[in-house]
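# Breakdown of the fold
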Amino acid sequence: MISCQRVMCIIAIPLLLASCAQIETSNGEPQWDFDHQVQFRQTKLSDNSYHLAVVPKSKTPFSRLATFLLRRSKDICLNYGYKIEILQGVQGFNDRQGSPNYIWGSLEANIECVSSEKKK
């Protein structure tokens, strides 16, 4: 006879492993990065290019959004061989003082992997 604890372990271990696995969502769906505490949308444009939008939430500092954009670009292309074209979302130094209640848009960029190695 199998004990109740053993049954619980048999059920719990696969569930824990599945929750740790990175689940690939569909193209352009909102995703959340728990390490950097940012929301983002990643869309594949072609084999070597992607569109990445990093969404500011609850006064997320711009430095965190920009750092995430760089790190995610490296993860997508699997190395530092990439080009980033910033489309919108860059703030000036005095923007928060001039418009403290303004709702800022997403930091959006196109990423092009220059080398042949990239994430599927």
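Residues numbered from 1 in each chain as written. Predicted model: local features only at pLDDT ≥ 70, side-chain atom pairs only at ≥ 80, totals over all residues. Heavy atoms only, no water.

## What about the pairing of strand 1 (residues 30-33)?
Along strand 1, the buried face is formed by Gln 31 and Asp 33; none of Pro 30 and Trp 32, which line the opposite face, is buried. By the bridge criterion, 4 bridges tie strand 1 to strand 2 (residues 38-44) in an arrangement that is antiparallel. Bridge assignment links Gln 31 to a residue of strand 2, and that residue is Phe 40. What sits between strand 1 and strand 2 in their antiparallel hairpin is a turn of 4 residues, with Gln 37 showing a positive phi close to 60°. (Buried < 20%, exposed > 50% of the residue type's maximum accessible area, 1.4 Å probe, protein only. Helix = DSSP H or I, 4+ residues; strand = E, 2+ residues; numbered from the N terminus. Pairing = 2+ DSSP bridges.)

## Notes on the packing of aromatic side chains
Between two aromatic rings, the relevant description is the distance of the centres plus the angle of the planes. The final tally for this structure, using the stated rule, is 2 aromatic pairs. Both rings, one in Trp 32 and one in Phe 34, keep their centres 6.5 Å apart while their planes meet at 70°; by these two values the pair is edge-to-face. By relative accessible area, Trp 32 is classed as partly exposed at 34%. A relative accessible area of 64% means that Phe 34 is categorised as exposed. Judged by centre distance (5.0 Å) and plane angle (50°), the rings of Phe 40 and Phe 68 are tilted. Of the two residues, Phe 40 sits in strand 2 while Phe 68 sits in helix 2 (residues 62-77), which places them 28 residues apart along the sequence. Just as Phe 40 is buried, Phe 68 falls in that class too. For the cation-ring pair, Lys 74 lies above Tyr 80, with the distance from its terminal atom to the ring centre recorded as 5.3 Å. (Phe/Tyr/Trp six-rings, centres within 6.5 Å; stacked < 30°, edge-to-face > 60°. Lys NZ or Arg CZ within 6 Å of the ring centre and 35° of its normal.)

## Examining the side chain of Ser 106
Secondary-structure assignment places Ser 106 in the loop between helix 3 (95-98) and strand 5 (107-113). Residue Ser 106 is classed as buried on the basis of its relative accessible area, which comes to 11%. The contact partners of Ser 106, leaving out residues within four places of it in the chain, are Ala 53, Val 54, Val 55, Pro 56, Gln 88 and Gly 89. (Contact = heavy atoms within 4.5 Å.)

## What about the confidence of the model for the chain?
Averaged over all residues, the pLDDT of the chain equals 78, while 63% of them reach at least 70. Put simply, helix 1 (residues 4-20) is where the chain has its lowest mean pLDDT, 58, and strand 5 is where it has its highest, 95. Segment residues 16-25: pLDDT under 50, and 3 contacts once partners within four positions in sequence are set aside and those in other chains are kept. (pLDDT = per-residue confidence, 0-100.)

## Looking at the sheet that holds strand 5
Spatial ordering of the open sheet is given by 1-2-3-5-4, a layout of 5 strands whose pairing is antiparallel. The open sheet has two edge strands, strand 1 and strand 4 (82-88), and neither has a second partner. Put simply, the sheet's adjacent strands are angled 30° from each other on average, direction ignored. Bridge count for strand 2 against strand 3 (residues 49-55) is 6 bridges, and the pairing is antiparallel. Considered in strand 3, the bridge of Arg 41 is made with Ala 53. Strands in contact with helix 2 are strand 1, strand 2, strand 3, strand 4 and strand 5; relative to strand 5, the strand with the most contacts, it is inclined by about 20°. (Axes fitted to C-alpha atoms, helices over the stretch in contact; angles between N-to-C directions.)

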